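Below, each chain spelled out in residue letters.
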Amino acid sequence: MSGIITVGPEGQFIVPESPIIPIIVGDGIGPDIWRATRPILDGAAAKSGHGPIEWLEVAAGQKAMDETGEYLPQTTLDALRKYRVSLKGPLGTPVGGGIRSLNVAIRKELDLYACIRPVKYIPGTPSPVRQPEKINMVIFRENTEDVYAGLEWPAGSPEADELISFVSQKFGACIRPGSSVGLKPMSEFGSKRLIRMAMKWALDKKLPNLTLVHKGNIMKFTEGFFRAWGYELAADEFGPQTVPESEADAGDKRLIIKDRIADNMFMQTLLRPDEYSVLAMPNLNGDYLSDALAAQIGGLGMAPGANVGDGLAVFEATHGTAPKYAGCDMVNPCSLILSGAFMLEFMGWNDAAKLVYQAVAKTIASKIVTYDLARQMDGVAPVATSAFGAAVVERL
Ligand code: NAP
């Protein structure tokens, strides 16, 4: 019998054998990649003795607008909240309209404060770097604060002029008149809850290190405090299990807490990626670094992601709606497939997740790939989205 995922006292998901999972198919290429993904997730669940998953389609984006007159109906938000774990395809950003971005609106409404992106190389995938197999990291990006808070005003607006005159008079700040201005709020609460989730993850998975990525040398009281709050949290809440890098001995078995300035971190991910396992960072750093790392393992078409809060998670393809390919049965469905596998892992169905990862790897190793990867490989003809999906199902 199908049931609802609930949350246990430790915040862990309690999953019935046949969970109801909402799916937002999404706009543009959403239907193409979902058609390929669904049989893979259903097949992996069945083969590992779980499920069946009862998929509950909920509307958002253009489809919702056509059906209900709203891009993000309240019934959809209610379902994401009620069923706790969901999967989502890409959503276009409405042009005009009052919503800045549907993705941001979902994250805000459900307080999904962590964007988690595992970045792991699948052998055989074309990569612009020489040793992509050295990349195996999980990024935790703060999702609600920083310059993404939406607190900015255009040059010449009364708000911008008033803010400029306020900080000039009150704090002696020197801002060129007529500037656009924005605020960068970063709180102890928001930073620590993100870093806490990343630390728990690293400890649960017995990973060797966690790095706080910041630009605290310049932005001392926002990014610098993110770093300081990270070390403070490690000492206060995970004292015996963690050690700052500066105090660690060679071979220390505790979780080593490092910090790196963001520009250096970009270099580290190219030159010494195997020295990093979990990265925790503020919103903007995370935005840049997660796509840069995705590029090293084959691009956005290969990158899974999740937006996670307390007892709520929405797993999503990290790319957009790629409108020019909509309905062409052409694009790479791996981002949604791997996000689905990541979801199975979160649900504790590790055996099912492993089947998906292995089958995708076997398919790519057989040089069965969609156009985006084929064009980077010598003498490989691309297959359709549906053919790629069928090849993965065969290899489960
Ligand atoms: P995009 O949809 O990600 O597409 C940009 C390019 O990336 C595509 O033209 C294609 O490159 C490549 N690409 C994306 N997905 C692919 C896949 N599955 N397989 C192979 N290649 C893929 O970005 P965009 O054109 O900037 O944005 C379009 C719409 O999506 C906008 O409305 C944007 O707001 C929205 N968006 C949504 C999300 C989300 O829902 N999470 C994220 C980003 C953007 P080539 O043309 O080189 O083949």
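Everything that follows concerns the structure shown earlier in this document.
About the thresholds
Residues numbered from 1 in each chain as written. Predicted model: local features only at pLDDT ≥ 70, side-chain atom pairs only at ≥ 80, totals over all residues. Heavy atoms only, no water. Salt bridge = Lys/Arg side-chain N within 4 Å of Asp/Glu carboxyl O. Helix = DSSP H or I, 4+ residues; strand = E, 2+ residues; numbered from the N terminus. Buried < 20%, exposed > 50% of the residue type's maximum accessible area, 1.4 Å probe, protein only. Phe/Tyr/Trp six-rings, centres within 6.5 Å; stacked < 30°, edge-to-face > 60°. Lys NZ or Arg CZ within 6 Å of the ring centre and 35° of its normal. Contact = heavy atoms within 4.5 Å. Near = heavy atom within 4 Å. Polar contact = N/O pair within 3.5 Å; in protein donor to acceptor, adjacent residues only side chain to side chain. Nonpolar A, V, L, I, M, F, W, Y, C, P; charged D, E, K, R; others polar.

(A) Main features of the pattern of salt bridges. Applying the stated criterion to the full structure yields 20 salt bridges. The salt bridge partner of E188 is K192, with a shortest N-O separation of 2.9 Å. Separated by 4 residues within a single helix, E188 and K192 lie in helix α6 (residues 188–204), roughly one turn from each other. The salt bridge involving E237 is made with R196; its shortest N-O contact spans 2.8 Å. Pair noted here: E237 is in helix α7 (residues 223–238) and R196 is in helix α6, with a separation of 41 residues, a long-range link. What makes R196 partly exposed here is its relative accessible area of 25%. Put simply, K88, R107 and E316 are held in one network by salt bridges that share partners.

(B) How the structure looks around the packing of aromatic side chains. Tallying each qualifying case throughout the model produces 12 aromatic pairs. On the numbers, 5.4 Å between centres and 85° between planes, the contact of F342 with F346 is edge-to-face. Residue F342 and its partner F346 are both found in helix α10 (residues 334–346); the two are separated by 4 residues, about one turn of the helix. Given a relative accessible area of 22%, F346 falls into the partly exposed group. Across the ring face of Y148, the terminal group of R141 is positioned such that the distance to the ring centre comes to 5.3 Å. Sitting over the ring of Y276, K258 keeps its end group 4.6 Å from the ring centre.

(C) Molecular detail of the environment of A384. By the element assignment, A384 lies in the loop between α12 (371–374) and α13 (385–394). Between the C-alpha atom of A384 and that of S180, which follows or precedes it by 204 residues, the distance is 46 Å. If we ignore the near neighbours within four places in the chain, the residues touching A384 are D329 and T370.

(D) A look at the site of the ligand. In the vicinity of the ligand there are 22 residues, among which T93, G320, A322, Y325 and Y371 approach most closely. Contacts to the ligand include K324, whose side-chain N or O atom sits 2.9 Å from an oxygen atom. Here an oxygen atom of the ligand sits 3.1 Å away from a polar atom, N or O, in the side chain of R375. For the shell around the ligand, the elements supplying multiple residues, two or more each, are β16 (312–317) and α12. Looking at the shell around the ligand, its residues break down into 9 nonpolar, 8 polar and 5 charged.

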